[in-house]
Amino acid sequence: MSASSYIGRFAPSPTGPLHFGSLVTALASYLDSRQHHGQWLVRIEDIDGTRCQPEHASHILQTLASYGLESDLPPVFQSDRLNLYQQQLERLHELDQLYPCNCTRAQLQTQAGLHPTRCDSHTRLPHSWRLACPANTFHLHDAIQGNLYLSLAEPANDPVLKRKDGYFSYQLAVVVDDHLQGVTHIVRGADLIDTTAQQLHLYQLLGWQAPTMTHLPLIMGSDGRKLSKQNHAKPIPMADLRVLRKALAYLKINVDEAAHSAKGILDAAIPQWSPQRLAPDKIELSPPDLASLVF
Ligand SMILES: [Zn+2]
């Protein structure tokens with residue numbers, strides 16, 4: 001692959017303002033793109049209209065820009081791309097890979113919330129569309145996690161691709177978008193490893209080449225809790241160079257004090273980025289940092 005064909009991306013969901021963990025993920029994908037002389041794109045994953053807010057999307061974009069992280073092309077919004085997801089859903093339907101389902105959450109509770117097989121609940125409308133998943137295993141080599149062998153059907157759980165209420169799932173949208181945007185490299189959090197086998201299966205069914213994937217260790221406190229919106233991660237301030245240096249330090253990058261702007265710090269960080277320096281399992285925040293980063 002020539003260096004210039006690299007396209008990376010950061011794809012936040014606007015369910016809240018940007019927190020420190022998201023900044024670290026954005027930085028890692030940005031630095032990986034720039035080190036490969038590639039493009040870096042930002043995509044707003046606002047597909048779940050019940051949880052996403054437009055004001056969070058604009059705040060996230062402004063915060064990223066204040067740290068020198070600007071998309072090389074205008075950011076795309078998943079909410080503008082529903083016809084693209086519908087087209088691919090119809091292709092999968094023509095390929096006989098989908099089945100209708102009307103199971104309720106209460107019914108699935110008897111199976112630990114999982115939906116392992118085709119069902120006969122579809123006579124009622126409206127219904128969701130599920131993807132039938134065979135017992136395949138996918139191998140990928142991850143620059144941080146090493147060799148991953150990901151089982152599609154363990155636990156058996158055929159995912160919903162389009163919900164009963166008409167919303168498309170993350171699993172379908174992320175694959176369609178990454179392919180149509182020409183994304184060649186994904187750097188994202190290890191919490192998404194569990195979704196990867198289903199995504200690789202979709203790439204295979206649709207006849208598309210999957211991007212190279214690198215999964216960052218989870219950022220957590222010494223209490224073992226992941227830094228996340230659910231665990232009360234605070235929004236980060238705009239353009240705080242101490243926060244930027246701190247985020248880079250957790251990626252094992254130390255930029256000397258000569259750099260006095262976000263852009264200068266990022267430029268100095270690009271040659272230092274090395275995913276192999278990171279431990280696969282976790283980035284542990286120091287107790288004072290954790291205290292300052294959560295409510
Ligand atoms: Zn069902």
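About the thresholds
Residues numbered from 1 in each chain as written. Predicted model: local features only at pLDDT ≥ 70, side-chain atom pairs only at ≥ 80, totals over all residues. Heavy atoms only, no water. UniProt positions renumbered as here; feature names shortened; annotations may be inferred. Helix = DSSP H or I, 4+ residues; strand = E, 2+ residues; numbered from the N terminus. Rg over C-alpha atoms; globule rule 2.2 N^0.38 Å. Buried < 20%, exposed > 50% of the residue type's maximum accessible area, 1.4 Å probe, protein only. Contact = heavy atoms within 4.5 Å. Areas by Shrake-Rupley, 256 points an atom, 1.4 Å probe, with all protein chains shown as cover. Donors = N, O, S within 2.8 Å, 3.2 Å for Na, K, Ca; no water. Tetrahedral: all angles 85-135°; square planar, octahedral: opposite > 155°, others 65-115°.

If you look the protein chain up in an unreviewed UniProt entry, it shows as tRNA glutamyl-Q(34) synthetase GluQRS from Maribrevibacterium harenarium. Turning to the protein chain, the UniProt record has this under Sequence similarities (unreviewed entry): "Belongs to the class-I aminoacyl-tRNA synthetase family."

Draft legend 1. Broad picture of the overall build of the protein chain. The number of helices and strands found in the protein chain is nine helices and 12 strands. Taking 19 Å as the expected radius of gyration for a compact globule of 295 residues, we find that the protein chain reaches 20 Å, a close match to that expectation. Here the C-alpha coordinates of the protein chain stretch approximately 65 × 45 × 35 Å along the principal axes. By residue count, 50% of the 295 residues in the protein chain fall in the buried class. Pairs at least 24 apart in sequence give 76% of the contacts found in the protein chain among residues at least 6 apart. Total accessible area computed for the protein chain in this model is approximately 13800 Å², and 53% of it derives from carbon and sulfur atoms.

Draft legend 2. Molecular detail of the coordination of the zinc ion. Every protein donor of the zinc ion is listed here as C101 (SG), C103 (SG), H115 (NE2) and C119 (SG), and their distances to the metal cover 2.2 to 2.4 Å. Each of the four donor atoms around the zinc ion contributes to a set of angles spanning 100 to 119°, which defines the coordination as tetrahedral. Donor residues binding the zinc ion come from one chain and are separated in sequence as C-x1-C-x11-H-x3-C. Taken together, the positions of C101 in strand β4 (residues 98-101) and C119 in the loop between α4 (105-108) and β5 (128-131) put the pair 18 residues apart, joining distant regions of the chain. Comparing C101 with C119, the two get one shared label, buried.

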